[in-house]
Amino acid sequence: MAFDSSYPEDFKKALKYTISDKDIDQFLKHGGSPRFVYGVLMLPTVLKYYIDEDQSKNIHKQMTQATLPGYQLYEFADSSAPVIARSNNPKAKVKGMLIFNLSNEERNSIYEFESGLMQLSSVQVDIIQKSYLGNVHEMRKIDAGAFVWDESVHFLSPMIGLRVTHGASWDVVPYLKGRFYRDIKASQRRGARGQEPAYRASLTKMITLTSANELMDDDDDYSGTSSPKTEIFMYTLDDHEAKNR
């Protein structure tokens, strides 16, 4: 995925992190089914907020970049929240983050956030893992759960405001500039002081009640383009795909 200097430090760490094959084996053996996320839950601060995890936890060490082939990323014309759906395009793919070692309670919290417009589906994603020596990187396919647009209830149509994104990954920059992310950070600070955290809105509420303008600060003038991006200097899925074309 693309890298932006404005990203929070914990998100930068998650994007750079590559998990060893040994740790992945242990996660899969003891941590249950991992979850592939492609929207706001890619951000460690937001993820910990919704699964009620302490912000001091280095959850990025349970996360790594992942690619989901055969799916298309969509977004709402009046909202920055993305959704995914199956695609007949053989080149279609969605880039996001894979989260390992979640407890049943944490997976349930993600379900409560994502369900409504989406249904939980079994998918297979590609990740890059490190060998036990730590200096060899190789691709590995992982079975995971992902929340996919519920086509039995909703149809992908411009009539409901869905549009295909220009890339395979969601641009988080507008969200980082907006009220939701600011409020989550403030809520986490209140929680650290022993105060009651703010109400956790579901993804459905974020989509149906919040416009793109409301996601942004009043003083921001976001033109629809993020700041210049550079690719992370590391061996990523992008490198592996380019190497094998």
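Reading the values: rules and limits
- Along each chain, residues carry numbers from 1 onward, in the same order as the chain's sequence is written.
- Restriction of local features to residues with pLDDT of at least 70 applies here, the model being predicted, together with a cutoff of 80 or more for giving and counting side-chain atom pairs; totals for whole chains, interfaces and linings are based on all residues.
- Each side-chain value is derived from all of the structure's non-hydrogen atoms; neither hydrogens nor water enter the calculation.
- Only runs of H or I of at least four residues qualify as helices and only runs of E of at least two qualify as strands under DSSP, and these elements are numbered from the N terminus.
- Exposed residues in this analysis have more than 50% of their type's maximum accessible area, buried residues have under 20%, and partly exposed residues fall in between, with area computed by a 1.4 Å probe over protein chains only.
- Any two residues whose heavy atoms approach within 4.5 Å are treated as being in contact.
- Methods summary: accessible areas were calculated by the Shrake-Rupley approach with a probe of 1.4 Å, and residue burial reflects only the protein chains presented.
- Put simply, buried Ala, Val, Leu, Ile, Met, Phe, Trp, Tyr and Cys residues joined by side-chain atoms within 4.5 Å make one nonpolar core.
- Only Phe, Tyr and Trp rings are paired, with Trp represented by its six-membered ring, and only when their centres lie within 6.5 Å; those with planes under 30 degrees apart are stacked, over 60 edge-to-face, the remainder tilted.
- When DSSP finds two or more bridges between two strands, those strands count as paired.
- Lines fitted to C-alpha atoms define the axes here, with helix axes fitted over just the stretch in contact, and angles between the N-to-C directions of these axes take values from 0 to 180 degrees.
- Each salt bridge in this description consists of a side-chain nitrogen of Lys or Arg and a carboxyl oxygen of Asp or Glu lying within 4 Å of one another.

The name that an unreviewed UniProt entry assigns to the protein is Gamma-glutamylcyclotransferase AIG2-like domain-containing protein, with the source organism given as Penicillium antarcticum.

Colleague: Pulling in residues and values, what's your account of the overall build of the protein?
Modeller: Along the backbone of the protein there are nine helices and ten strands. Expressed as a percentage of the 245 residues in the protein, the buried residues total 50%. For the protein, long-range pairs separated by at least 24 residues make up 78% of all intrachain contacts whose partners lie at least 6 apart in sequence. Surface exposure of the protein reaches about 12,600 Å², of which carbon and sulfur atoms provide 48%.

Colleague: Pulling in residues and values, what's your account of the nonpolar core?
Modeller: One recurring pattern in soluble globular proteins is that nonpolar side chains are buried together. Core analysis: the biggest nonpolar cluster contains 59 residues, and Phe-36, Val-46, Leu-98 and Val-125 have the highest contact counts within it. Broken down by element, this core gets its largest block of residues, six residues, from strand β8 (residues 137-149). Ignoring anything within four residues of it in the chain, the contact list for Phe-36 reads Ala-66, Leu-68, Val-94, Lys-95, Gly-96, Met-97, Leu-98, Val-125, Ala-144, Gly-145 and Ala-146.

Colleague: Which residues make up the environment of Gly-116, and what values go with them?
Modeller: Tracing the chain through its elements places Gly-116 in the loop between α4 (104-114) and β7 (118-130). A relative accessible area of 55% means that Gly-116 is categorised as exposed. Separated by 33 residues in the primary sequence, Gly-116 and Trp-149 have C-alpha atoms spaced 9.3 Å apart.

Colleague: Which residues make up unusual backbone geometry, and what values go with them?
Modeller: Phi at Asp-52 takes a positive value of approximately 60°, unusual for a residue other than glycine. Tracing the backbone through its elements, the reader meets Asp-52 in the loop between α3 (44-50) and β3 (63-69). The phi torsion at Asn-101 lies on the positive side, around 60°, for a residue other than glycine. Topologically, Asn-101 is positioned in the loop between β6 (93-99) and α4.

Colleague: Kindly report on the packing of aromatic side chains, identifying the contributing residues and their values.
Modeller: Scanning the model with the defined rule gives nine aromatic pairs in all. Plain terms: the ring middles of Phe-3 and Tyr-7 are 6.1 Å apart, the flat faces sit at 80° to each other, and that makes the pair edge-to-face. You can call Phe-3 buried: its relative accessible area is 14%. Put simply, the rings of Phe-3, Tyr-7 and Phe-11 pair up and form one aromatic cluster.

Colleague: Describe the sheet that holds strand β9 (residues 162-164), naming the residues involved and giving the relevant values.
Modeller: Reading across from one edge, β5-β4-β9 is the order of the three strands in this open sheet, with antiparallel pairing throughout. Of all strands in the sheet, those bounded by a partner on one side alone are β5 (82-86) and β9. Neighbour to neighbour, the strand axes of the sheet diverge by 40° on average, direction disregarded. Of the strand pairs in this sheet, strand β4 (residues 71-76) and β9 are connected by three bridges, and their pairing is antiparallel. Across the sheet, Tyr-74 pairs through a bridge with Val-164, a residue of β9.

Colleague: Could you give an account of the pairing of β4, naming the residues involved and the relevant values?
Modeller: Most of β4 is tucked away: six of the six residues are buried. Burial along β4 is two-sided: the face carrying Tyr-71, Leu-73 and Glu-75 and the face carrying Gln-72, Tyr-74 and Phe-76 are both buried. Direction of pairing for β4 relative to β5: antiparallel, over a ladder of five bridges. The residue bridging Tyr-71 from the neighbouring strand is Arg-86, located in β5.

Colleague: Which residues make up the pattern of salt bridges, and what are the values?
Modeller: Scanning all chains against the criterion turns up five salt bridges. Here Asp-25 ties to Arg-140 by a salt bridge, and the two come within 2.8 Å at their closest N and O atoms. Remark: Arg-140 occurs in strand β8 and Asp-25 occurs in helix α2 (residues 21-30); sequence separation between them is 115 residues. The partner of Glu-75 in a salt bridge is Arg-163, and the shortest N-O contact between them spans 3.3 Å. Placement of the pair is Glu-75 in strand β4 and Arg-163 in strand β9, with a sequence separation of 88 residues. Look at Glu-75 and you get buried, because its relative accessible area is 18%. Take Arg-163: its relative accessible area is 39%, and that puts it in the partly exposed class.

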